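Listed below, chain by chain, are the residues.
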Amino acid sequence: MKRSPAKPITMDESTIIRQLEALAVTFGLQIRYEPIRIDDDLPNVPGGVCRLKGDNVLIINSTATVRDKINTLAEAVKNFDLDRIYILPVIRELLEKAR
């Protein structure tokens, strides 16, 4: 009997955000959703990591698209040692693509 190929596991975007947020917190990042106001002449800024009063803080533009929020979270955690903790395969694949 022939096996059908495994279907890729999918996850809705809000679950992906929650998983990436939990991962960021595991690595010691504080997460803040703030509206980032920019001039019309400047490119859209979805967010990034900064140091604030000695803490690593990931600021995510609260007005960014869901996809931009996911990308910002992935960018923030992709350079940590991801091999030392369990990460859901779907999230790990997303992080590998971000590298």
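The shown structure was predicted, so the numbers you read here are calculated from the model rather than taken from an experiment.

### With respect to the overall build of the chain
Counting secondary structure elements, the chain contains three helices and three strands. Along its sequence from the N terminus, the chain presents helices and strands in the succession α-β-β-β-α-α. Taken across its 99 residues, the chain has 27% of its residues classed as buried. Excluding contacts between residues fewer than 6 apart, the proportion of contacts in the chain whose partners are at least 24 apart in sequence is 56%. Here the chain displays about 7,100 Å² of accessible surface, and carbon together with sulfur accounts for 52% of that area.

### Considering helix α1 (residues 13-26)
Given a rise of 1.5 Å per residue, 14 residues ought to cover 20 Å, and the 20 Å separating the end C-alpha atoms of α1 matches this to within 8%. Buried residues in α1 make contact with β1 (30-34), α2 (66-77) and α3 (89-98). Positioned one or two residues after α1, Gly 28 has a phi angle of 90°, which is positive.

### Quick word on the nonpolar core
If you look at the biggest cluster of nonpolar residues, it comprises 19 residues, and the most contacted ones within it are Leu 20, Leu 23, Leu 73, Val 77, Ile 87, Ile 91 and Leu 95. For this core, the secondary structure elements donating two or more residues are α1, β3 (55-61), α2 and α3. Those residues in contact with Val 77 that lie beyond four places of it in its chain are Leu 20, Leu 23, Ala 24, Leu 29, Leu 82 and Leu 95.

### Some words on the environment of Ser 14
Note on placement: Ser 14 falls in helix α1. Under the relative-accessibility criterion, Ser 14 is labelled partly exposed at 39%. With 56 residues separating them along the chain, Ser 14 and Ile 70 place their C-alpha atoms 9.1 Å apart.

### Observations regarding the packing of α1 against α2
The geometry of α1 relative to α2 is characterised by a closest axis approach of 10 Å and an angle of 25° between their N-to-C directions. Regarding the angle of α1 to α2, the classification is roughly parallel. Our pair here, α1 against α2, has a crossing hand that is left-handed. Along its contact with α1, which presents Glu 13, Ile 16, Ile 17, Leu 20, Glu 21, Leu 23 and Ala 24, the element α2 presents Val 66, Arg 67, Lys 69, Ile 70, Leu 73, Ala 74 and Val 77. Of the residues that constitute the contact of α1 with α2, the class distribution is 10 nonpolar, no polar and four charged.

About the criteria used
Residues numbered from 1 in each chain as written. Predicted model: local features only at pLDDT ≥ 70, side-chain atom pairs only at ≥ 80, totals over all residues. Heavy atoms only, no water. Helix = DSSP H or I, 4+ residues; strand = E, 2+ residues; numbered from the N terminus. Buried < 20%, exposed > 50% of the residue type's maximum accessible area, 1.4 Å probe, protein only. Contact = heavy atoms within 4.5 Å. Areas by Shrake-Rupley, 256 points an atom, 1.4 Å probe, with all protein chains shown as cover. Expected span 1.5 Å × (residues − 1). Core = buried A, V, L, I, M, F, W, Y, C linked by side-chain atoms within 4.5 Å. Axes fitted to C-alpha atoms, helices over the stretch in contact; angles between N-to-C directions. Parallel < 35°, antiparallel > 145°, perpendicular 65-115°, else oblique. Left-handed = near helix turned anticlockwise from the far one by under 90°. Nonpolar A, V, L, I, M, F, W, Y, C, P; charged D, E, K, R; others polar.

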